[in-house]
Amino acid sequence: MFLLLSLITAIAVSGTALGGDAQPPATVSTAAASTTANTAVLQRTKRRIYLYVKSARRWQALMGMPASKASHLAYATTSVAYARWSLKKWMSLSARLHARARRWMSRRTAAYQSSVRLWRRSMGAPEPRRQLASAGSIEARFNRWRRMARQAYSAYDNPPQKSNFECIHTHEGSWTDRDSGGNGHYGGVQMGKAEWDKFGKPYTGKDYPYQASKLDQLWAAARYWEVSGFSPWSQTAPLCGL
């Protein structure tokens, strides 16, 4: 009888031990799954933080603003809550900067449009095709007009005979000269009113050369030169070897 009781007790103790050993692995497995899930969420959140930081800095660079600094903790943290807070902050900043950039691009596009039209008019070139220049998103239009402005100014800045007329100018009046010689000639290359009315005013809308920019006066002089050569500057052109 004693042996039977001992055997039953041993089996009971053994069963309890086995049961105790079986429970911890299940607990560890659940904890590991939870840790893996949190790690995946953390990695996705950090990737999104990186993208929104990049987006915010892109708009800042476009507008010439200093780049916002990102805390290293946003990328080093092991806290999902902190990472989500950082993500929300960068999402909000990126959205505000995007809205501001859209307004900025609209203003800049309008300025580019005005400048391109003035420069092309001064050169006697036709305006850009409206359907091409106005197509696309705000950013696409901004990029297109910025590119057109650069191209237009490059051409505007290089009128025919530019260096020769700049030399002639050194022997003539200032670009804002209002007939200081009392001989009916104005501006940096001393154009007469009749010549300006033909070669300058229709392209600039200015009544007198001294009211126009240096480049506008050079373009008017270049048009005059095309029909008269340097003969109207018979006293100063030879000083420049012309």
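Our subject is the structure listed above.
Residues numbered from 1 in each chain as written. Predicted model: local features only at pLDDT ≥ 70, side-chain atom pairs only at ≥ 80, totals over all residues. Heavy atoms only, no water.

1. Some remarks on a nonpolar patch on the surface
What counts, and what does not: Like charges within 9 Å and nonpolar side chains (Val, Leu, Ile, Met, Phe, Trp, Tyr) within 5 Å are joined into patches, using only residues over 30% in relative accessible area that form no salt bridge. Surface accessibility in these figures is a Shrake-Rupley result with a 1.4 Å probe; residues are shielded only by whichever protein chains are displayed. For this document, the term salt bridge refers to a Lys or Arg side-chain nitrogen within 4 Å of an Asp or Glu carboxyl oxygen. Comment: elements are numbered from the N terminus, with helices defined as DSSP H or I runs of at least four residues and strands as E runs of at least two. Relative accessible area decides the class of each residue, using a 1.4 Å probe on protein chains only: under 20% of the type maximum gives buried, over 50% gives exposed, and in between gives partly exposed.
A cluster of nonpolar residues, Y50, L51 and Y75, forms a patch on the protein surface that exposes about 320 Å² of accessible area. Locating Y50 in the fold gives a position in helix α1 (residues 2-62). Take Y50: its relative accessible area is 47%, and that puts it in the partly exposed class.

2. A look at the side chain of H169
Using the following cut-off: Any pair of N or O atoms that falls within 3.5 Å is considered a polar contact. Within protein, one atom must be able to donate a hydrogen and the other to accept it, and sequence-neighbouring residues count only if both atoms are side-chain atoms. Contacts were defined at the residue level, with two residues in contact if any of their heavy atoms lie within 4.5 Å.
In this fold, H169 is placed in helix α6 (residues 162-169). Classification of H169 by relative accessible area gives buried; the value is 18%. In this structure the side chain of H169 is engaged in a polar contact, spanning 3.0 Å, whose partner is the backbone oxygen of G188. Residues within four places of H169 in sequence aside, it is in contact with S174, W175, G188 and V189.

3. Concerning the environment of V80
Considering the arrangement of structural elements, one finds V80 in helix α3 (residues 80-123). The class of V80 is buried, set by a relative accessible area of 17%. Between the alpha carbons of V80 and V41 there is a distance of 7.2 Å; along the sequence they are 39 residues apart.

4. Focus: the state of the cysteines
Defined as follows: By disulfide we mean two sulfur atoms from cysteines, separated by a distance within 2.5 Å.
Scanning the entire structure with this criterion turns up 1 disulfide. Each sulfur in the disulfide pair C167 and C240 lies 2.0 Å from the other. Of note, the bridge from C167 to C240 carries an S-S torsion of about -95 degrees and is left-handed in sense. With C167 in helix α6 and C240 in the segment after α9 (214-228), this pair connects stretches of sequence that are 73 residues apart. Its relative accessible area of 26% is what places C167 among the partly exposed residues.

5. Side note on the layout of surface pockets
Formally: Each cavity reported here is a set of points on a 1 Å grid over the protein atoms alone in which a 1.4 Å probe fits but cannot get out, each pocket an open set with protein on both sides within 12 Å along at least five of seven lines, and each lining residue one with an atom within 4 Å of a point. Grid points are joined across faces, edges and corners, and a volume is the space filled by probe spheres set on the points. Residues are grouped as follows: Ala, Val, Leu, Ile, Met, Phe, Trp, Tyr, Cys and Pro are nonpolar; Asp, Glu, Lys and Arg are charged; every other residue, Gly included, is polar.
Taken as a whole, the largest pocket encloses approximately 220 Å³ of empty space. What lines the largest pocket is a set of 14 residues, and nearest its centre among them are E172, H185, Q190, P232 and W233. The class makeup of the residues in the lining of the largest pocket is 5 nonpolar, 7 polar and 2 charged.

6. Details of the pattern of salt bridges
Scanning the entire structure with this criterion turns up 5 salt bridges. In this structure, K193 and D197 form a salt bridge, with 2.9 Å as the shortest nitrogen-oxygen distance. Placement of the pair is K193 and D197 together in helix α7 (residues 193-199), with a separation of 4 residues, close to one helical turn. For D197, a relative accessible area of 33% translates into the label partly exposed. In this structure, K201 engages D207 in a salt bridge whose closest nitrogen and oxygen atoms are separated by 3.0 Å.

7. As for the environment of F142
Among the structural elements, F142 can be located in helix α5 (residues 138-156). Sequence separation between F142 and A110 is 32 residues, and the spatial gap between their C-alpha atoms is 8.8 Å.

None of this, on its own, says anything about what the molecule does.
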